[in-house]
Amino acid sequence: MQNYLFFGIIIYMSKDIKIVLTGDRPTGKLHLGHFVGSIQNRIKLQNEADKSYYMIADIQGLTDNASNPQKIRDNVIEVALDNLACGLDPKKTTMFIQSEVPEIAELTVIFLNLVTLARLKRNPTVKDEMKQKGFGEDVPAGFLCYPISQAADILFTKANLIPVGEDQLPVIEQANEIVDSFNRYYGDVFNHIKHLTSNTPRLIGTDGSAKMGKSLNNAIYLSDSLEEISKKVMNMYTDPGHIHVEDPGKIEGNVVFSYLDIFDSNRAEVDELKKQYRKGGLGDVVIKKRLISVLENTIGPIRAKREELSKDKNAIMKILEKGTNEAREKAKETMIEVREALKINYF
Ligand code: TRP
């Protein structure tokens, strides 16, 4: 009998415990790229995970906005609203603000010793972003080091599953290297983390460029009005060779069709439209009108819920305060372990 109990406990303990953590930089409102890249996954995972965290990465936002703290401050509430409007549920997900958990900064300083400058400069995500922002050698040190602070964001909660956009994979890889170095020097404190990317292909910008981005001016926001959506879709890049309705048109690189592929659930009709478009005789306005209504089906309910929630911003701040207090307790717990491992637990 005792044996059964013993094995029962072992089996229970070895069941994979799923702790999810994800976050956004509060540098602007969130767009459809965030929605298909990671928000949908976080909403789904909050129902499956044993524990789920969502962090507003204001300190990370400051790494390339040091001179503009007001922008970061203002967008904390905006990204919280975006996530809540999409269905993030504060009863299931602990929502917190990074800067209010100072243990993350403490852990970052400890991790800084485990990563070389050469390694930081090699991170493809950081390299891309540095190029896009035109930093060169004048990159703020905090920006170059944000993957280290992101490892601290994740590891203080002992999270092991991170829903992120594809662009963040090198950051996750670097976090796992930090886990390896930490455990080698100081003993087993942290576990490896896994990423979860969405199976939706990366969303291209409305102008047809590789990525949807706020600074690229090619984004459709989760808070856009129907008029804004219509204007953006009407200006979308299609096929520059498709001048007259009767001309045959190209599907490849055609933004309207790439979006229909992702957001239109009626596959059969989309396939039929593609056939007609290729053959000629189908005008851009027809497919654009269809896309407007498809996008409105997705964004309309989010916009409505967002408007409702934004009437009581105090309530949103209360949610964040409660989540932050809880996250902080967890951070204190982890830091006791970390300080012990590093022999810096003096008093
Ligand atoms: N770097 C992420 C982004 O730009 C935001 C982020 C900060 C994050 N900390 C995180 C994502 C921890 C996942 C886990 O989108």
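Attention here is on the structure that accompanies the text. (Residues numbered from 1 in each chain as written. Predicted model: local features only at pLDDT ≥ 70, side-chain atom pairs only at ≥ 80, totals over all residues. Heavy atoms only, no water.)

### What about the environment of Val171?
The topology assignment puts Val171 in helix α10 (residues 169-186). In this structure, the C-alpha to C-alpha distance between Val171 and Leu120, residues 51 residues apart in sequence, is 10.0 Å. What Val171 contacts, discounting residues up to four positions off in sequence, is Asn123, Thr125, Tyr146, Pro147 and Gln150. (Helix = DSSP H or I, 4+ residues; strand = E, 2+ residues; numbered from the N terminus. Contact = heavy atoms within 4.5 Å.)

### Focus: the side chain of Gln168
Mapped onto the secondary structure, Gln168 falls in the loop between β4 (161-163) and α10. On the basis of relative accessible area, Gln168 is assigned to the buried category, the value being 12%. Setting aside residues up to four positions removed in sequence, Gln168 forms contacts with Thr125, Tyr146 and Gln150. (Buried < 20%, exposed > 50% of the residue type's maximum accessible area, 1.4 Å probe, protein only.)

### Comments concerning the site of the ligand
Not every one of the 13 residues close to the ligand is listed here, only the nearest: Arg25, Gln60, Gln150, Asp153 and Gln168. Within the contact set of the ligand, an oxygen atom lies 3.3 Å away from a side-chain nitrogen or oxygen of Arg25. Here Gln150 contributes a side-chain N or O atom positioned 2.9 Å from a nitrogen atom of the ligand. Calculation on the ligand without its partners gives an accessible area of 370 Å², and the protein chains cover 90% of this total. Applying the majority rule of atoms within 2 Å of the grid points places the ligand in the largest pocket. Of the residues in the shell around the ligand, the class split is six nonpolar, five polar and two charged. (Near = heavy atom within 4 Å. Polar contact = N/O pair within 3.5 Å; in protein donor to acceptor, adjacent residues only side chain to side chain. Areas by Shrake-Rupley, 256 points an atom, 1.4 Å probe, with all protein chains shown as cover. 1 Å grid on protein atoms, 1.4 Å probe; cavity = no way out; pocket = protein on both sides within 12 Å on 5 of 7 lines; lining within 4 Å. Sits in = over half its atoms within 2 Å of the grid points. Nonpolar A, V, L, I, M, F, W, Y, C, P; charged D, E, K, R; others polar.)

### Looking at the environment of Asn65
As for its position among the elements, Asn65 is in the loop between α3 (58-62) and α4 (69-86). Overall, the relative accessible area of 9% leaves Asn65 in the buried class. Measuring from C-alpha to C-alpha, the distance between Asn65 and Ser258 comes to 33 Å, with 193 residues separating the pair along the chain. One polar contact links Asn65 to Lys71, side chain to side chain, over a distance of 2.8 Å.

### Focus: the pattern of salt bridges
In total, this model carries 25 salt bridges according to the counting rule given. The partner of Asp64 in a salt bridge is Lys133, with the nearest N and O atoms 2.8 Å apart. You can see Asp64 sitting in the loop between α3 and α4 and its partner Lys133 sitting in helix α7 (residues 124-133), a full 69 residues away along the chain. For Lys133, a relative accessible area of 34% translates into the label partly exposed. The shortest N-O distance in the salt bridge between Lys330 and Glu333 comes to 3.2 Å. Pair noted here: Lys330 and Glu333 are both in helix α15 (residues 313-341), with a separation of three residues, about one helical turn. Since its relative accessible area comes to 22%, Lys330 is described here as partly exposed. It is possible to trace a salt-bridge network through shared partners that takes in Lys18, Lys44 and Glu48. (Salt bridge = Lys/Arg side-chain N within 4 Å of Asp/Glu carboxyl O.)

### Quick look at the packing of helix α12 (residues 255-263) against helix α14 (residues 284-309)
Packed helices, taken two at a time, are described by their axes: the angle between them and the distance between them. Following both chains from N to C, one finds α12 and α14 inclined at 35°, their axes separated by 10 Å at the closest point. Here α12 runs over α14; the crossing is left-handed. From α12, Val256, Phe257, Tyr259, Leu260 and Phe263 reach across to α14, where they touch Ile287, Lys288, Arg290, Leu291, Val294, Leu295 and Thr298. Across the contact of α12 with α14, the residue classes break down as nine nonpolar, one polar and two charged. (Axes fitted to C-alpha atoms, helices over the stretch in contact; angles between N-to-C directions. Left-handed = near helix turned anticlockwise from the far one by under 90°.)

Remember, this is a structural readout, not a statement about activity or role.
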